[in-house]
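# Remarks on the overall topology
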Amino acid sequence: MVKNKRWNLSFLFFSTWIVGISHAESFDIDFSARARWESIDIDGESADASTIKSRAGVNYNLSENLKAFLQVDSVVSLNQGRHSDGVDQSSDPTIADPAGTELNQANLMFRWQGGEAILGRQRMVLGDHRFIGDVGFRQNDQTYDALLLKYSMLSASQLSVAYIRNVHRIFGDRAGQRLSKDDRRFSELDGVRPSALLGNHRVDGVLIDARIREWDHIELSSYGYDIYNYDHAAFSNTTVGAEGQYRKKIAEIKLSAAVELAVQNQPDQKTTGIPYHKVSTSLQYKKVQMGLRHEQLSQKNGVAFITPLATVHKFQGWADQFLLTPFVGLIDNSISVKWRSRPWTVDARYHWFKSQRSSFAIAEEADVDFIFSPNRKHEFKIRIADFKPSKGQSIKTDSVKKLFVMYAYNM
């Protein structure tokens, strides 16, 4: 990639927006809100955060095929002094939901028979969030300045191709290059924020994702992601992989299984051929679903397989202890049990974490969700995570307990 190449996607988007808005045929407004209280205890050091996220969005139908979308998020913290927020570090543990108001999405969508193109700041999820996601559990989403093209293929398949130029991360625009003088790290770091914790990462990224759904029970997918990160080169990677999924219903039993393989090169670490694999299966009978999952993010010469744009909270436990893969690699074996009976859902999971190198135990984690969703507009959730490190290892040494109490409203 040419590292000094710049594409001003924002200028192109907004100039077209201004021209088109006067010719808008119709528009739709939507609103949602999410209130959350999160508590964390790390070996006796505790913190809690009470935040309210408000979201307003406007869809302008400029023509039959062209639509403009604007979405603004605002996060309010009710007890800022009782936790570090991921932007300013105090002596309290971090709960990464910083307060602020930001433009979450601003884009143009053009649709034609068999495809669509989206240009501008946008939410982007490819597959199941494992490599490209929106980190939607946090109050501030991860979004992308990008051009995304989607093509329908054959009878039910799709090819997605994207170029991304900037990643708007969960730390928000306040997390710039300079630390606040009130930040406890200010003197130690000479006032410079660690690049891994910046609110924006400038990238050159090309993403290709193909989903083949031409059979009754089988879905095949393949992907290739080539991302150079200017602000934090250690996140640069080229990853290619493929997955096969099988689903079948036999009477009242639903069976599913998946196998995925990938390999990664990391130019900044001068390391190639780092492997990844996943095997999962589940069985659902009436209201109960049971699942098993084995996932391995390997390492090579101390350089571990990474997923810096993923929604990692969805996979490696809700205590968020493996947002970065440890240098010894990571094996995550887990079991899950989910019970649904409208309007209730209970989702319980247990993880056993081991290193890929030398295969020693790192930790175990228990997670459970209690969800009450009486209708589409309202959802109440309690989420519990309990992370316990194994003895005789130094990768993760702190026990971590988290409790989330949430209410979400959708207009």
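Residues numbered from 1 in each chain as written. Predicted model: local features only at pLDDT ≥ 70, side-chain atom pairs only at ≥ 80, totals over all residues. Heavy atoms only, no water.

### Some remarks on the overall build of the protein chain
In terms of helices and strands, the protein chain carries one helix and 20 strands. Along the first, second and third principal axes, the C-alpha atoms of the protein chain reach 65 × 65 × 50 Å. Burial analysis of the protein chain (411 residues in total) assigns 46% to the buried set. Counted over contacts in the protein chain with a minimum sequence separation of 6, partners at least 24 positions apart contribute 59%. Of the roughly 20,100 Å² of accessible surface on the protein chain, a fraction of 57% belongs to carbon and sulfur atoms. Charged side chains in the protein chain number 52 positive and 47 negative. The centres of these two groups are separated by 3 Å. (Helix = DSSP H or I, 4+ residues; strand = E, 2+ residues; numbered from the N terminus. Buried < 20%, exposed > 50% of the residue type's maximum accessible area, 1.4 Å probe, protein only. Contact = heavy atoms within 4.5 Å. Areas by Shrake-Rupley, 256 points an atom, 1.4 Å probe, with all protein chains shown as cover. Lys, Arg positive; Asp, Glu negative; His and termini not counted. Charge placed at Lys NZ, Arg CZ, Asp CG, Glu CD.)

### Side note on the pairing of strand E8 (residues 200–212)
Pairing of strand E7 (residues 157–168) with E8 involves ten bridges; the strand directions are antiparallel. Its bridge partner lying in E8, Val 167 is registered against His 201. As paired elements, E8 and strand E9 (residues 218–229) share ten bridges and run antiparallel to each other. What sits directly across from Leu 207, in E9, is Tyr 225. (Pairing = 2+ DSSP bridges.)

### Here we look at the side chain of Asp 85
Among the structural elements, Asp 85 can be located in the loop between strand E3 (66–77) and strand E4 (100–112). Overall, Asp 85 belongs to the buried group, its relative accessible area being 0%. Within polar-contact distance, the side chain of Asp 85 engages the side chain of Gln 80 at 3.0 Å. Polar side-chain contacts of Asp 85 include one of 2.9 Å to the backbone nitrogen of Asp 88. Filtering out sequence-adjacent residues up to four positions away, Asp 85 remains in contact with Gln 80, Thr 94, Ile 95, Ala 96, Asp 97, Pro 98 and Arg 174. (Polar contact = N/O pair within 3.5 Å; in protein donor to acceptor, adjacent residues only side chain to side chain.)

### A word on the confidence of the model for the protein chain
Per-residue confidence for the protein chain averages 94 on the pLDDT scale, and 94% of its residues sit at or above 70. Here residues 1–8 is a poorly scored stretch, pLDDT under 50, and it has 18 contacts once near neighbours within four places are set aside; other chains count. (pLDDT = per-residue confidence, 0-100.)

### Focus on the nonpolar core
Formed by 24 residues in total, the largest nonpolar core has its most connected members in Met 124, Ile 132, Tyr 144, Ile 164, Leu 207 and Tyr 225. With residues up to four places along the chain from it excluded, the contact list for Leu 207 reads Met 124, Leu 126, Ile 132, Ser 160, Val 161, Ala 162, Ile 164, Gly 224, Tyr 225 and Ile 227. Ranked by size, the runner-up nonpolar core spans 14 residues in total, among them Ala 47, Ala 49, Ala 385 and Val 400. (Core = buried A, V, L, I, M, F, W, Y, C linked by side-chain atoms within 4.5 Å.)

### Some thoughts on the packing of aromatic side chains
Within this structure, the stated rule accounts for 18 aromatic pairs. Consider the rings of Trp 112 and Tyr 151, whose centres lie 6.2 Å apart with planes at 65 degrees: the pair is edge-to-face. One end of the pair, Trp 112, is in strand E4; the other, Tyr 151, is in strand E6 (residues 143–153), with 39 residues separating them in the sequence. With relative accessibility at 33%, the residue Tyr 151 sits in the partly exposed group. Plain terms: the ring middles of Phe 131 and Tyr 225 are 6.0 Å apart, the flat faces sit at 50 degrees to each other, and that makes the pair tilted. Note that Phe 131 is positioned in the loop between strand E5 (115–122) and E6 and Tyr 225 in strand E9, a separation of 94 residues in sequence. (Phe/Tyr/Trp six-rings, centres within 6.5 Å; stacked < 30°, edge-to-face > 60°.)

### Topic: the pattern of salt bridges
Applying the stated criterion across every chain, the model contains 30 salt bridges. When the shortest N-O distance is used, the salt bridge between Asp 48 and Arg 82 registers 2.8 Å. You can see Asp 48 sitting in strand E2 (residues 45–61) and its partner Arg 82 sitting in the loop between E3 and E4, a full 34 residues away along the chain. Lys 53 is the salt-bridge partner of Asp 73, the closest N and O atoms lying 3.8 Å from each other. One end of the pair, Asp 73, is in strand E3; the other, Lys 53, is in strand E2, and 20 residues separate them in sequence. With respect to class, Asp 73 is no different from Lys 53; both count as buried. Counted as one network, the salt bridges with shared partners bring together Arg 36, Glu 38, Asp 97, Arg 138, Asp 320 and Lys 402. (Salt bridge = Lys/Arg side-chain N within 4 Å of Asp/Glu carboxyl O.)

### So, a nonpolar patch on the surface
Together, Val 288, Met 290, Leu 292, Ile 335, Val 337, Trp 339, Trp 344 and Trp 352 give the surface a local cluster of nonpolar side chains, amounting to about 720 Å² of exposed area. Going through the elements one at a time, strand E13 (288–297), strand E16 (330–341) and strand E17 (344–354) are the ones with two or more residues in the nonpolar patch. Along the chain, Trp 339 falls in strand E16. Take Trp 339: its relative accessible area is 35%, and that puts it in the partly exposed class. (Patch = residues over 30% accessible without salt bridge, like charges linked within 9 Å, V, L, I, M, F, W, Y side chains within 5 Å.)

### Overview of a positive patch on the surface
Side chains of Lys 249, Lys 254, Arg 340 and Arg 342 sit close together on the surface and give a patch of like positive charge. Within the secondary structure, Arg 342 sits in the loop between E16 and E17. Residue classification places Arg 342 among the exposed residues on the basis of a relative accessible area of 85%.

### Some remarks on the environment of Ser 74
Counting through the fold element by element, Ser 74 comes out in strand E3. Put simply, Ser 74 and Arg 357 are 283 residues apart on the chain and 43 Å apart in space, counted from C-alpha to C-alpha. Those residues in contact with Ser 74 that lie beyond four places of it in its chain are Ile 52, Lys 53, Ser 54, Gly 100 and Thr 101.

### Overview of the environment of Ala 33
As for its position among the elements, Ala 33 is in strand E1 (residues 26–42). Between the alpha carbons of Ala 33 and Ser 152 there is a distance of 33 Å; along the sequence they are 119 residues apart. Those residues in contact with Ala 33 that sit more than four places away from it in its chain are Lys 53, Ser 54, Tyr 407, Ala 408 and Tyr 409.

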